Amino acid sequence: MKVEDIRVCILRMEGTNCEQETFDAFKRLGASPEFVHLKQLEGRDVGGDEARSLDDYHILMFPGGFSAGDYIRAGAIFAARIKASLSGDLRKFIEDGKAVGGFCNGFQIMVELGILPGMDGTMSEHPEAVLHSNDSGFFECRPTLLKHTNRGRCVWTRDIPIGSIRLIPCAHAEGKLILPLEEADALYERLFDEDRVVFQYCDRSGETNAEYPYNPNGSRFNIAGICSERGNVFGMMPHPERVFYRHTHADWYRNKVGSEEGDGQVVFRSVLNYIVETF
Amino acid sequence: MSISHLFEEMGLSAPVMRVKLMGASDQEMEGISREMAIGLSLDEMKRVQEYFAKEGRDPRDIELEALGQAWSEHCCYKSSKYIMKQNFMNRSFPQALITSEDAGVVEFDDDHAYVVGLESHNHPSAIGPYGGSATGVGGIIRDVVCMGAQPIAVIDPLFFGSLDAREEEIPEGINHPKYIFSGVVAGIRDYGNRIGIPTVAGSVNFHRGYTGNPLVNVGAVGIAKKKHIIRSRVGGPGEIYILAGGRTGRDGIHGVTFASADLSSDSEEKDRGSVQLGDPIVKEPIIHSCLEANEMGLLRGMKDLGGGGLSCVSGEMALDGGCGAIIHLDRIPLKEEGLKPWEIWVSESQERMMVSVLPRDVDAVMHIFKKWDVEAVIIGEVVPEKHVKALWEGEEILNMDLDFFTAGPEYCRVTLPREVSREILEADIPLPDRGELEASLLVLMEDPNICSREMVFRTYDHEVRARTVVKPYVGDPFSPGPSDAAVLKPLEDSWKGIAITTDVNPGMCEIDPYRGTLSALDESIRNLVSVGARPHSLTDCLNFGNPERPHVMWEFKEVVAGLSEACIAFDTPVTGGNVSFYNETKGEGIFPTPTIGMVGLIEDIDNRIPSQFQHPGDSIILIGRLTGEVGGSEYLKQKTGKIQGKCPEIRLSETADIIRFMGECSNENILSSANDASEGGIAVALAECCFGEPATGCQIDLLSGKIRSDFLLFGESQNIMVLSCPPETAETVLELAESHGLMASTVGKVTSNTFEIAIDGNTAISQSTGKLKQTWDTALEDQLR
């Protein structure tokens with residue numbers, strides 16, 4: 001299909017607040033993004049032409065922010081509302097091979113929903129992981145270097161060469177990925193074996209065991225983003241939508257000449273290419 | 001004296017008391033004001049008595065409460081208005097579109113305007129640092145939204161007592177500066193981050209003068225299409241008032257009367273109810289829904305409920321539209337049962353917006369609020385007669401003439417100059433040898449007013465919305481240096497940028513309020529031109545002690561004179577602001593603190609100028625003359641423990657020359673970097689220039705001109721800039737500077753690793769940049785421990 005026919009659902013509720021820049025990213029690449037309030041999918045309090053169905057879209061995007069204030073646990077309330085009314089639609093969406101992505105709070109929501117890491121199927125009944133408070137104890141808004149270590153499974157990053165390093169900022173208080181402690185070793189091994197680790201925080205030389213501030217939250221193995229078994233569901237803590245252009249890079253003046261492309265743009269292009277080729 | 005006989009239950013369906021003001025004695029009237037905690041003076045009570053005598057009835061409690069609020073210093077600026085009018089009347093600037101409302105509206109380009117507001121949230125933050133600062137952010141964001149603008153940035157200049165204050169220095173009932181600091185920062189962090197508006201600029205100042213009265217000033221900038229700018233007034237009779245957002249509760253009762261009095265030792269207990277509670281997750285959908293309804297053309301007027309609550313907003317919106325209003329007070333959604341009508345009327349609960357809507361658009365507006373799960377109710381209507389009336393189940397419980405109600409008193413208060421500007425005897429400060437100069441520089445680098453605030457800014461999301469193109473810390477991602485101002489690119493399809501800075505040097509204002517104000521403006525301007533922007537407008541937040549004290553009123557007068565003079569000299573209008581008096585605890589007032597928030601424009605963000613040196617080999621150019629003036633400097637404070645001396649001279653015409661010169665540099669893109677010198681003088685400014693890139697250094701040779709080495713290096717002469725450029729363009733830069741009448745000279749070059757300053761060819765400082773950077777980086781964290 002053509003890129004302009006790709007419909008992107010930018011899902012929001014109270015407290016989502018990175019939706020504009022996420023919308024802009026898809027729009028700039030020629031796709032057709034739309035802001036959709038969760039209530040429009042639930043069919044609650046909506047007028048005649050406001051109701052929407054997940055089925056209408058090719059990409060579902062959970063933007064960053066503080067959905068419902070992140071009270072209880074980051075992403076928990078948004079996830080619970082989706083589970084209550086839309087889990088069937090969402091399951092079908094994923095199983096159809098359509099793309100689901102989340103950055104920051106979006107990633108937290110996806111983990112709470114059980115669609116990531118999705119160790120044993122599309123959507124687990126209970127969360128299989130948690131994004132825990134940063135080791136520093138602080139909210140961390142800072143640039144991070146991400147090494148793309150995915151070997152080709154993730155449809156959101158497949159246009160990025162393996163091993164390449166990108167400067168993409170993070171901004172979160174709860175970004176430390178933790179898997180169930182009793183079987184953690186085996187689960188991490190599976191994540192790597194099944195090619196589901198997508199980005200790892202690294203230092204300037206590309207070492208993925210670098211510590212704070214390179215790893216802003218203390219995630220084991222410096223994991224910054226993961227994908228589902230099929231590679232179409234993807235979440236990451238940092239914000240690629242914030243570095244769509246080079247002029248928003250923290251070190252903007254260093255490479256003044258040349259491309260205006262920022263290090264995050266390729267994430268959006270990859271998934272659009274995937275949809276163009278697949279549907 | 002018991003005055004209970006002056007209050008009488010009226011026997012209405014709601015609990016309303018009649019207050020027997022007719023025939024009350026002076027003493028009784030003072031007693032009433034005290035008993036009700038409405039803060040009205042005897043003279044003011046007499047005016048009220050006179051009004052109701054003409055009406056032929058006694059007032060009800062709700063009416064006196066409303067007047068106490070409307071006539072508070074915070075709401076009607078009764079002490080400041082007179083001096084403001086004298087200085088700012090009859091001056092107009094074409095770029096300022098609206099300057100009379102909650103936030104100023106200024107032209108951005110042909111189709112867009114930017115909106116700026118800056119205000120104080122001092123008293124609440126002293127009592128409840130976390131809630132106080134959070135609601136400060138919330139309030140200023142609402143001020144921007146209610147003009148129809150999308151907020152794009154938050155700025156927050158903060159002032160605290162010394163972090164090393166000893167217990168005995170802290171007035172009873174006041175918390176330690178460390179505690180207040182962490183609470184305030186956490187409040188801004190949690191609120192700003194949750195509503196998704198980046199906190200991009202600000203300042204953190206520590207001085208003993210703020211131990212009893214921390215200052216929390218908060219500003220916001222927004223952007224709007226000009227056609228979507230909406231006024232805070234009704235369109236005409238027949239319109240419907242809809243109240244949207246948070247519920248009304250007992251939080252924030254008497255907030256403005258509390259903000260209009262000194263703090264006392266039992267403030268923490270007694271005034272806790274005056275601190276409003278914010279909820280960012282109610283706020284965020286309010287922003288969306290109000291802007292959506294406005295952009296659809298469904299709103300005639302919009303105003304936020306801040307200090308002054310429902311009472312002030314329903315009256316002022318109506319009167320500004322030449323009308324009156326009737327409010328059904330029993331329809332207001334409440335947080336808890338049992339609020340008295342007067343409590344509902346004056347509550348300053350957060351997250352509330354009032355919109356005025358044509359009857360035919362009510363359903364559409366209510367639907368938008370419903371869609372966003374924002375609670376909204378129809379609470380009243382606009383009427384032709386200029387009265388505000390409140391009804392409870394149809395019974396009138398309040399009825400006042402709006403001209404009377406909103407025309408608060410105005411005072412021409414007594415001013416009395418206090419001594420300023422004492423010369424320092426150079427001999428009192430021993431002349432340092434070279435080792436001492438290096439040691440002094442290190443001590444300055446870790447001074448809480450100079451060291452890095454990066455740890456604070458990392459906890460604020462400063463790039464949400466992905467429009468922050470110059471961040472507070474720039475350069476190497478893992479070891480950045482400070483930027484002079486933040487720059488945002490607000491529009492998707494325009495390269496035009498908006499630069500924001502906030503400045504004031506409280507020490508300078510303490511020794512000389514007039515010159516201190518000029519110095520704050522001068523520094524703001526140099527910060528803006530350093531990033532390549534052209535200064536465009538300013539807003540101010542003027543914080544003072546008790547205006548009933550003649551010295552304080554004199555400080556205020558001096559500050560306003562400085563502001564007025566500078567905004568003419570720089571062609572930058574003051575587009576709004578606020579005055580906060582009564583920042584006193586037990587007779588101890590703060591330093592006069594005129595916080596300046598300044599906005600600049602940059603035609604093409606590609607012409608942004610970095611703050612730090614870029615390339616070894618580049619020439620370093622000094623603009624301005626090092627005068628060795630150390631009055632008010634951090635260095636003098638280090639040496640003598642006091643803020644003293646004569647405030648350095650400011651030459652406004654020179655600042656104006658710098659604006660023109662830097663404008664050309666930015667247009668021509670000929671500079672590698674630009675930075676201004678402020679606290680810590682030229683030595684600290686040069687060090688900061690070396691902090692953005694790893695392994696940068698500089699080699700400088702200054703001419704002493706018979707000035708002592710320490711005064712030369714650390715004196716805070718004004719109008720100083722440090723530039724760098726490729727050696728082959730140095731001549732062009734120098735000529736350009738000279739053509740604008742500026743003193744300019746090449747003083748050295750960018751090198752690697754070592755920070756070296758010589759004076760008249762003799763090494764004065766030679767230090768590894770890494771050591772300076774590390775000292776500067778870790779100082780604040782160490783002092784917070």
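Cut-off values and rules
- Residues numbered from 1 in each chain as written.
- Chains lettered and ligands numbered in written order.
- Predicted model: local features only at pLDDT ≥ 70, side-chain atom pairs only at ≥ 80, totals over all residues.
- Heavy atoms only, no water.
- Contact = heavy atoms within 4.5 Å.
- Buried area = accessible area lost by both parts, 1.4 Å probe.
- Salt bridge = Lys/Arg side-chain N within 4 Å of Asp/Glu carboxyl O.
- Polar contact = N/O pair within 3.5 Å; in protein donor to acceptor, adjacent residues only side chain to side chain.
- Buried < 20%, exposed > 50% of the residue type's maximum accessible area, 1.4 Å probe, protein only.
- Helix = DSSP H or I, 4+ residues; strand = E, 2+ residues; numbered from the N terminus.
- Pairing = 2+ DSSP bridges.
- Axes fitted to C-alpha atoms, helices over the stretch in contact; angles between N-to-C directions.
- Parallel < 35°, antiparallel > 145°, perpendicular 65-115°, else oblique.
- Left-handed = near helix turned anticlockwise from the far one by under 90°.
- Nonpolar A, V, L, I, M, F, W, Y, C, P; charged D, E, K, R; others polar.
- Core = buried A, V, L, I, M, F, W, Y, C linked by side-chain atoms within 4.5 Å.

**Q** Got a minute to help me understand the interface of chain B and chain A in this structure?
**A** A common way to state how big an interface is: give the accessible area lost once the parts meet. Listed per partner, the contact involves 48 residues of chain B and 50 residues of chain A. Here chain B and chain A share an interface that buries about 4,100 Å² over both sides, 54% of which is from carbon and sulfur atoms. Considering only the side of chain B, the residues that lose the most area to chain A are B:Arg194, B:Arg458 and B:Phe478, jointly responsible for 17% of the buried surface there. Across the chain B-chain A interface, the total number found is seven salt bridges. One salt bridge connects B:Lys371 with A:Glu50, and the closest N-O pair in it is separated by 3.5 Å. There are 15 residue pairs in polar contact (both at pLDDT 80 or more) connecting chain B and chain A.

**Q** Would you mind showing me how to read the pairing of strand β3 (residues 59-62) of chain A here?
**A** Regular strands place their side chains on alternate faces of the sheet. Residue and element names in this part refer to chain A. Because side chains alternate across β3, one face comprises the buried residues Ile59 and Met61, and the other comprises Leu60 and Phe62, equally buried. Judged from the three bridges that link them, strand β1 (residues 7-12) and β3 form a sheet pairing that is parallel. Note that in β3 the partner of Val8 across the bridge is Ile59. Where β3 and strand β4 (residues 99-103) come together, four bridges link them in parallel fashion. Paired with Met61 across the strands is Gly101, a residue of β4.

**Q** Please explain the packing of helix α22 (residues 652-668) of chain B against helix α25 (residues 730-739) of chain B as it appears in this structure.
**A** Any two packed helices are characterised by how steeply their axes cross, that is the angle between the axes, and by the distance between the axes. Residues and elements named next belong to chain B. As a packed pair, α22 and α25 sit with axes 9 Å apart at the nearest point and diverge in direction by 150 degrees. One finds that α22 runs roughly antiparallel with respect to α25. Here the hand of the crossing between α22 and α25 comes out right-handed. Contact residues: Phe661, Glu664 and Cys665 in α22; Val733, Leu736 and Ala737 in α25. For the contact of α22 with α25, the per-class residue count stands at five nonpolar, no polar and one charged.

**Q** Could you clarify how one ought to interpret the environment of B:Gln612 in this entry?
**A** Residues and elements named next belong to chain B. Topologically, Gln612 is positioned in the loop between β25 (593-602) and β26 (619-623). For the pair Gln612 and Ile511, spaced 101 residues apart in sequence, the C-alpha to C-alpha distance is 31 Å. Not counting the four nearest positions on each side in its chain, Gln612 is found in contact with Val474, Gly481, Pro482, Ser672, Ser673, Glu688, Cys689, Phe691 and Gly692. At 2.7 Å, the side chain of Gln612 and the backbone oxygen of Pro482 are in polar contact. Of the polar contacts made by the side chain of Gln612, one reaches the backbone oxygen of Glu688; its length is 3.4 Å.

**Q** Is there a simple way to explain helix α1 (residues 19-28) of chain A in this structure?
**A** Helical geometry note: an α-helix holds 3.6 residues per turn, so side chains three or four residues apart project in the same direction. All names here are of chain A. Buried residues dominate α1, accounting for seven of its 10 residues. Within the sequence span of α1, burial applies to Glu19, Glu21, Thr22, Phe23, Asp24, Ala25 and Phe26. Immediately downstream of α1, the backbone of Gly30 shows phi near 95 degrees, a positive value.

**Q** What exactly am I supposed to notice about the pairing of strand β5 (residues 112-120) of chain B here?
**A** Residues and elements named next belong to chain B. When you tally the buried positions in β5, you get eight out of nine residues, the bulk of the element. Pairing analysis gives four bridges linking strand β4 (residues 104-107) to β5, with the strands arranged antiparallel. Across the sheet, residue Val106 finds its bridge partner in β5, namely Tyr114. Linking β4 to β5, which pair antiparallel, is a turn of four residues. The sheet contact formed by β5 and strand β8 (residues 215-225) spans nine bridges and is antiparallel. Counted as the bridge partner of Glu119 is Val218 from β8.

**Q** Where do I start with the packing of helix α3 (residues 61-70) of chain B against helix α12 (residues 309-320) of chain B in this structure?
**A** All names here are of chain B. Viewed as axis vectors pointing N to C, α3 and α12 meet at an angle of 80 degrees, and their least axial separation amounts to 9 Å. As the angle between them shows, α3 and α12 are arranged roughly perpendicular. The residues of α12 that touch α3, namely those facing Ala66, Gln69 and Ala70, are Gly309, Ser311 and Cys312. Considered class by class, the residues forming the contact of α3 with α12 number three nonpolar, three polar and no charged.

**Q** I keep staring at the sheet that holds strand β30 (residues 744-751) of chain B and nothing clicks. Help me out?
**A** Paired through backbone hydrogen bonds, the strands of a sheet run either parallel or antiparallel to each other. All names here are of chain B. The sheet built from seven strands is open, its strands ordered β27-β29-β26-β30-β28-β31-β32 with mixed pairing. On the outer flanks of this sheet lie β27 (673-676) and β32 (762-768), each paired with one strand and no other. Strand after strand, the sheet turns through a mean of 20 degrees between neighbouring axes, direction not considered. Where β27 lies against strand β29 (residues 721-725), four bridges are found, and the strand directions are antiparallel. The residue of β29 that forms the bridge with Ala674 is Leu723. Here helix α16 (residues 434-445) sits on the sheet in contact with β31 (754-759) and β32, set at roughly 40 degrees to β32. Along the sheet face, helix α26 (residues 769-784) touches β28 (697-702), β31 and β32 and points at about 65 degrees away from the line of β32.

**Q** How should I be thinking about the nonpolar core in this particular structure?
**A** In summary, soluble globular proteins display a tendency toward joint burial of nonpolar side chains. Counting residues in hydrophobic clusters, the biggest one holds 110 residues, and the most contacted among them are B:Leu713 and B:Phe755. Beyond its immediate chain neighbours, meaning those up to four positions away, B:Leu713 contacts B:Leu437, B:Gly680, B:Gly681, B:Ile682, B:Ala683, B:Leu702, B:Ile757, B:Ile759, B:Ala764 and B:Ile765. Counting residues in each nonpolar core, the second largest holds 75 residues, with A:Ala31, A:Trp156, A:Ala224 and A:Val233 among its members.

**Q** Just to check I follow, could you spell out the pattern of salt bridges for this structure?
**A** Where charged atoms of side chains with opposite charge meet at close range, the side chains can pair. Residue and element names in this part refer to chain B. According to the stated counting rule, one finds 67 salt bridges over all chains in the structure shown. Between Lys20 and Glu8 there is a salt bridge whose closest N-O contact spans 3.6 Å. Residue Lys20 is located in the loop between β2 (17-19) and α1 (26-36), and its partner Glu8 is located in strand β1 (residues 7-9); the two are separated by 12 residues in the primary sequence. Taking the relative accessible area as the measure of exposure, Glu8 reaches 31% and is therefore partly exposed. Its salt-bridge partner being Asp361, residue Arg360 comes within 3.6 Å of it at the nearest N-O pair. We classify Arg360 as exposed; its relative accessible area is 70%. Residue classification places Asp361 among the buried residues on the basis of a relative accessible area of 11%.

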